Amino acid sequence: MSLRFEVSVRDPTTEARRGRLITTRSVIETPVFMPVGTAATVKALTQEMLEALDARIILANTYHLFLRPGQAVIRDLGGLHRFMGWPRSILTDSGGYQVFSLGELRTVSEEGVAFRSHLDGTKLFLSPEVSMEVQIALGSDIVMAFDECPPYPATHDQVRISLELTERWARRCRAYFDAHADRDRQSLFGIVQGGIHADLRARSLEGLLDIGFEGYAIGGLSVGEEKRHMYDTTAFIAPRLPADKPRYLMGVGTPADLVESVARGVDMFDCVMPTRHARNGTVFTTTGRLNLRNARYIQDEQPLDAECACFVCRRYSRAYLAHLMRAGEILASVLATYHNLHHYLDLMQRIRHALEQGAFGRFVTEFRHRQLSSEE
Ligand SMILES: CNc1nc2c(CC[C@H]3O[C@@H](OC)[C@H](OC)[C@@H]3O)c3nc(N)[nH]c(=O)c3cc2[nH]1
C-alpha cells in the first residue's frame, strides 16, 4: 500500500482530526499546509530552506511542467524528486484548474481540453489520460484526478453538468492510473465538485465513492465565492468524506481559513497566498498582515513579528525588508517568503498541538478573538 493515513485524535467539540499521512518518502503530520511549488520550485526558496521549515510535502503542477520542460525530460532525468533535489513528498495538481485559469482559447470536449500554451501559443491537449501520464512520469506521490473546476458564479444546471463530466473523467483517471502507475509509491485522489450546492456536492461524492480513491479533495471552492459559502460547503461535505482517508481542501487559504476549515474536518491545504503575497511585499504576523511597501515601515526597526522565532525575525528589521522591497532586491522575496511560510507552518503546528492536548476548541475561540481585535 503506497499511502497510509492514521487518525490519532478526533476533536470532541469540532470535526477536526489529528493524523499522520505516510508516503514512501516522508511522514506528514496532519492537519498540514503544503507550500505551492508550481514549476518545480517554491518560488524564492531553496529546497534546503524548505527542509529548515520542516515542510514534509510540497505541490507541483501538471499544467506548468507539461508545458515546460515536459514530463519526458523530467522522467528521463529520474523523476521530479531527483530533478529538483527534493527527497520528501510531492503532490501534483492535475492541470484542469490551470487550463481554465491560464490556458488561452480552450475548448472542452468529452475527450478533454484543447488549449494554447500561455507561454508560446502552441496548441496542446490535456485529458484524463494525458494528465495521469504526466503525473505518473513525474513520479509524484499524490496524483490528483483531472477535473473541471466550474467557474463561479454558475447556475445549478451548469454545475451539475460539470460535475457529471468530472465524474466520467475521474473514472478514466482511475482506469489509466491503475494500469500504468507504480501503485506501491503513487496514490490517486478524487476531487469532489458541486459548487456551493449541497445536493450537487452529495451527488459528486456519491460518484467518486463508487470509483474509490486513496484520498478525497474538495475542489471548486476559493474561486470567488463569499467566505460563508466556502465555510458552509466545507462544513457540509468534509464530514461526509470517508473518515479513514485524507481530506484535502484545494487552494485554501488565509490563516483564518485554515483554522475554520480544520474545525470543519479538513486535513490538507495548499494556497499560493503566503508565497505570492511575500513577493508583493505583504507579510503575515500574529497581529495581522503588514504591507512592507507602506512608508510607516521605512524606519521601523522592529522584527516583522515579535512573536515569530524564524531566522528572518531574529535578524532583520521591518525597515530593512521595506528597503529591499522598494529597491526590488531579490533578497526581499527570499526573506518575506521564508517568514510567511514559517508563519503558516507554525500555525499548523500549533493547531496539531492543540488537537493533541484536547484544547482545539479553546484554540479556535482564542484565534477568532485575536482575529476580531486585529481587524478593529
Ligand atoms: C486558489 N483557489 C483554488 N485553487 C484551486 C485549484 C488549484 C490549486 C493549484 O493551482 C496552483 O496555484 C494557483 C497550484 O498548483 C501547484 C495549486 O495546487 C483546484 N485544482 C483542481 N484540480 N480542481 C479544483 O477544483 C481547484 C479549485 C481551486 N481553488
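The written sequence of each chain sets the order in which its residues are numbered from 1. Local features in a predicted model are, by the rule used here, given only for residues with pLDDT of at least 70; side-chain atom pairs are given and counted only at 80 or more, and totals for whole chains, interfaces and linings are based on all residues. By convention in this description, side-chain values take in all heavy atoms of the structure and omit both hydrogens and water.

Participant: Now, about the pattern of salt bridges: what can you tell me, with residues and values included?
Facilitator: Between Lys or Arg on one side and Asp or Glu on the other, a salt bridge is scored when a side-chain nitrogen of the former is within 4 Å of a carboxyl oxygen of the latter. Applying the stated rule across the entire model yields 27 salt bridges. Here Asp-54 makes a salt bridge to Arg-56, at a shortest N to O gap of 2.7 Å. Exposure is judged per residue with a 1.4 Å probe applied to protein chains only, and the accessible area is read against the type maximum: over 50% gives exposed, under 20% gives buried, and values in between give partly exposed. On the basis of relative accessibility, which here comes to 38%, the residue Asp-54 falls in the partly exposed class. The class of Arg-56 is partly exposed, set by a relative accessible area of 25%. Shared partners join several salt bridges into a network, and the residues in it are Arg-18, Arg-20, Glu-29 and Glu-356.

Participant: Give a description of the pairing of strand 8 (residues 113-116) that names residues and reports values.
Facilitator: The numbering of helices and of strands both runs from the N terminus, where a helix is a DSSP run of H or I of at least 4 residues and a strand a run of E of at least 2. Burial along strand 8 is one-sided: Val-113 and Phe-115 are buried, while Ala-114 and Arg-116, pointing the other way, are not. Here strand 8 pairs with strand 9 (residues 123-126) via four bridges, running antiparallel. Note that in strand 9 the partner of Phe-115 across the bridge is Leu-124. Strands qualify as paired when DSSP identifies two bridges or more between them. The hairpin turn running from strand 8 into strand 9, its antiparallel successor, is six residues long, and Gly-121 in that turn takes a positive phi close to 80°.

Participant: Now, about the confidence of the model for the protein: what can you tell me, with residues and values included?
Facilitator: Per-residue confidence for the protein averages 97 on the pLDDT scale, and 99% of its residues sit at or above 70. We note a pTM of 0.98 for the whole complex and an ipTM of 0.97 for its interfaces. pLDDT measures the predictor's confidence residue by residue and takes values from 0 up to 100.

Participant: Could you give an account of the packing of aromatic side chains, with specific residues and numbers?
Facilitator: Two rings belonging to Phe, Tyr or Trp (six-membered ring only in the last case) form a pair when the distance between their centres is within 6.5 Å. Interplanar angles under 30 degrees mark stacking, angles over 60 mark edge-to-face geometry, and anything in between is tilted. As enumerated under the stated definition, the model contains nine aromatic pairs in all. Judged by centre distance (6.2 Å) and plane angle (15°), the rings of Phe-360 and Phe-363 are stacked. With a gap of three residues between them, Phe-360 and Phe-363 both fall in helix 15 (residues 360-375), about one helical turn apart. Aromatic pair Phe-363 and Phe-367: ring centres 6.4 Å apart, planes at 20°, arrangement stacked. Of the two residues, Phe-363 and Phe-367 both sit in helix 15, four residues apart, roughly one turn of that helix. The class of Phe-367 is buried, set by a relative accessible area of 16%. What links up through ring pairs into an aromatic cluster is the set Phe-33, Phe-284 and Tyr-344.

Participant: Break down the sheet that holds strand 2 (residues 17-22) for me, with residues and values.
Facilitator: Reading across the sheet, the three strands line up as 1-2-3 and stay open at both edges, with antiparallel pairing between neighbours. Each edge of the open sheet is held by one strand with a lone partner, namely strand 1 (4-10) and strand 3 (27-30). Taking the axes of each pair of neighbouring strands and ignoring which way they run, one obtains an average angle of 15° across the sheet. As paired strands, strand 2 and strand 3 are joined by four bridges and run antiparallel to one another. Whenever a helix is involved, its axis is fitted only over the stretch in contact; in every case the axis is a line through C-alpha atoms, and angles between N-to-C directions fall within 0 to 180 degrees.

Participant: I'd like a rundown of the nonpolar core, residues and numbers included.
Facilitator: Membership of the largest hydrophobic core comes to 94 residues, with the highest contact counts inside it found for Phe-33, Leu-80, Phe-269, Ile-351 and Phe-360. Among the elements that line this core, the one with the most residues is helix 14 (residues 330-356), at twelve residues. Other than its neighbours up to four places away in sequence, Phe-269 contacts Val-32, Phe-33, Met-34, Tyr-248, Leu-249, Val-252, Leu-258, Ser-261, Val-262 and Met-348. Within the second largest apolar cluster, 18 residues are counted, among which are Leu-3, Leu-21, Ile-28 and Ile-57. Residues enter a nonpolar core if they are buried and are Ala, Val, Leu, Ile, Met, Phe, Trp, Tyr or Cys, with the set joined through side-chain atoms within 4.5 Å. The contact criterion used throughout is that any non-hydrogen atoms of two residues lie within 4.5 Å.

Participant: Talk me through the sheet that holds strand 4 (residues 32-34); I want residue IDs and the actual numbers.
Facilitator: The parallel open sheet is built from eight strands, whose spatial order is 4-14-13-12-11-10-6-5. The two strands at the open ends of the sheet, each matched to only one other strand, are strand 4 and strand 5 (57-61). When the angles between neighbouring strand axes are averaged without regard to direction, this sheet yields 25°. Where strand 5 meets strand 6 (residues 89-93), five bridges bridge the pair, whose relative direction is parallel. Bridge pairing in strand 6 links Ile-57 to Ser-89. Helix-sheet contacts for helix 6 (residues 128-138) involve strand 6, strand 10 (142-144) and strand 11 (187-192), and the interaxial angle to strand 10 is about 165°.

Participant: Explain the environment of Thr-24 to me, using residue names and the numbers behind them.
Facilitator: Turning to its location among the elements, Thr-24 is positioned in the loop between strand 2 and strand 3. You can call Thr-24 partly exposed: its relative accessible area is 40%. Measuring from C-alpha to C-alpha, the distance between Thr-24 and Ser-222 comes to 30 Å, with 198 residues separating the pair along the chain.

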